[in-house]
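Chain by chain, the residues:
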Amino acid sequence: MKIIKLNAIDSTNTFLKNMVSKVVVDDFTVVVAKTQTKGRGQMNSEWVVEEGKNLTFSVFSRFSDLDVENHKYLSFCISLSVYEALKELDLPSLSIKWPNDILSGNKKLGGILIENTLKGSKIVSSVVGIGINVNQDSFSKNLPNASSVKKILGKEFNLETLLESILMRLKNYHTILERKEYSLLEEAYLKRLYKKNVPTMFKNSQNILFMGKIIGVSKSGNLQIELENETIQEFGLKEVSF
Ligand code: BTN
């Protein structure tokens, strides 16, 4: 496994994607940076890090036969890898908030940005970006739900050890994905899903609040919510928040 270590870069995802577009990149090439000047999050958001305190990296991998319609299983693999590595640190009430935020209680510790390359109906490769707030001390007031492993457990953690632990799990899950063990992935993910089967207040894209409970993730990767009238509705990432 090749690990490229950088002090500062705009975004490890952008860097790795550029590299992939120019040269042949080995599977499991990793780019890790102490800081990013233009870190990217889901839905075009910004991902801001405190220099040297957080784990900020991207991984390139290829798939031999992964249908676009099964993209959610790739997302499950990445979330589960990060979840399990953090679980080893004994973080309390750890869960995966759909689609792939990692929470301790209701505090976000990390996020994942998956950028796939498609060929017809297949995902041929992807650049997976992972950001984990490990030793960060302070957070912007605009992010009231963000926290770090250090803030929760009261001590610092070694970034390299955590990186190795996540990479090992990503490799294992890659094998499971290649073997198409999709029901195993579905079961493992749903078991750790934040607010599953818990009555929850949601907000839709028109800012309308409604009650419901998460019952699963649809084939296309949308969140399935059972409403109070017992009908089931699906929501995409831009269509619901909670
Ligand atoms: C999210 O919005 O929750 C996803 C955040 C993903 C951040 C990581 S940090 C490493 C990689 N490089 C980026 O620019 N983004 C991802």
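Given the structure is predicted, the values throughout are model-derived calculations rather than measurements.

**Q** Explain the nonpolar core here, please?
**A** Taken as a class, soluble globular proteins show a tendency for nonpolar side chains to be buried jointly. The biggest cluster of nonpolar side chains holds 56 residues, and the ones touching the most others in it are Phe-57, Ile-130, Ile-166 and Leu-185. In terms of residues, this core owes the most to one element, helix H2 (residues 71-87), which gives 10 residues. Residues within four places of Ile-166 in sequence aside, it is in contact with Leu-55, Phe-57, Ser-81, Val-82, Ala-85, Ile-130 and Ile-132. Counting residues in hydrophobic clusters, the runner-up holds six residues, among them Leu-16, Met-19, Val-31 and Val-127.

**Q** I would appreciate a short explanation of the pairing of strand S1 (residues 3-9) in the present structure.
**A** Within a regular beta strand, the side chains point alternately toward one face of the sheet and then the other, so they alternate between its two faces. The pairing of S1 with strand S2 (residues 29-36) spans six bridges and is classified as parallel. Across the sheet, residue Ala-8 finds its bridge partner in S2, namely Thr-35. In terms of handedness, the path from S1 via helix H1 (residues 12-22) over to S2 forms a crossover that is right-handed.

**Q** Any chance you could explain the packing of H2 against helix H5 (residues 182-191) here in plain terms?
**A** When two helices pack together, their arrangement is given by the angle between the helix axes and the distance between those axes. At a closest axis distance of 10 Å, the pairing of H2 and H5 adopts a crossing angle of 55°. Overall, the two elements H2 and H5 adopt an arrangement that is oblique. Viewed along their axes, H2 and H5 form a crossing whose handedness is left-handed. Between H2 and H5, the residues in contact are Lys-72, Tyr-73, Phe-76, Cys-77, Ser-79 and Leu-80 and Tyr-182, Leu-185, Glu-186, Ala-188 and Tyr-189, respectively. Here the residues of the contact of H2 with H5 sort into eight nonpolar, one polar and two charged.

**Q** Any chance you could explain empty space enclosed by the protein here in plain terms?
**A** If a probe the size of a water molecule is rolled over the atoms, the empty space left behind becomes visible. As enumerated under the stated definition, the model contains one cavity of 30 Å³ or more in all. Roughly 100 Å³ of internal volume is contained in the largest cavity. Forming the walls of the largest cavity are Phe-28, Val-59, Ser-61, Phe-63, Leu-74, Cys-77, Ile-78, Val-128, Leu-170, Tyr-173, His-174 and Leu-177. Those elements that place two or more of their residues in the lining of the largest cavity are strand S3 (55-67), H2 and helix H4 (159-178). In terms of residue count, H4 provides more of the lining of the largest cavity than any other element does, four residues in total. Split into classes, the residues belonging to the lining of the largest cavity amount to 10 nonpolar, two polar and no charged.

Basis of the calculations
Residues numbered from 1 in each chain as written. Predicted model: local features only at pLDDT ≥ 70, side-chain atom pairs only at ≥ 80, totals over all residues. Heavy atoms only, no water. Core = buried A, V, L, I, M, F, W, Y, C linked by side-chain atoms within 4.5 Å. Buried < 20%, exposed > 50% of the residue type's maximum accessible area, 1.4 Å probe, protein only. Helix = DSSP H or I, 4+ residues; strand = E, 2+ residues; numbered from the N terminus. Contact = heavy atoms within 4.5 Å. Pairing = 2+ DSSP bridges. Right-handed = clockwise from strand over helix to strand, strands pointing away. Axes fitted to C-alpha atoms, helices over the stretch in contact; angles between N-to-C directions. Parallel < 35°, antiparallel > 145°, perpendicular 65-115°, else oblique. Left-handed = near helix turned anticlockwise from the far one by under 90°. Nonpolar A, V, L, I, M, F, W, Y, C, P; charged D, E, K, R; others polar. 1 Å grid on protein atoms, 1.4 Å probe; cavity = no way out; pocket = protein on both sides within 12 Å on 5 of 7 lines; lining within 4 Å. Points joined across faces, edges and corners; volume = space filled by probe spheres on them.

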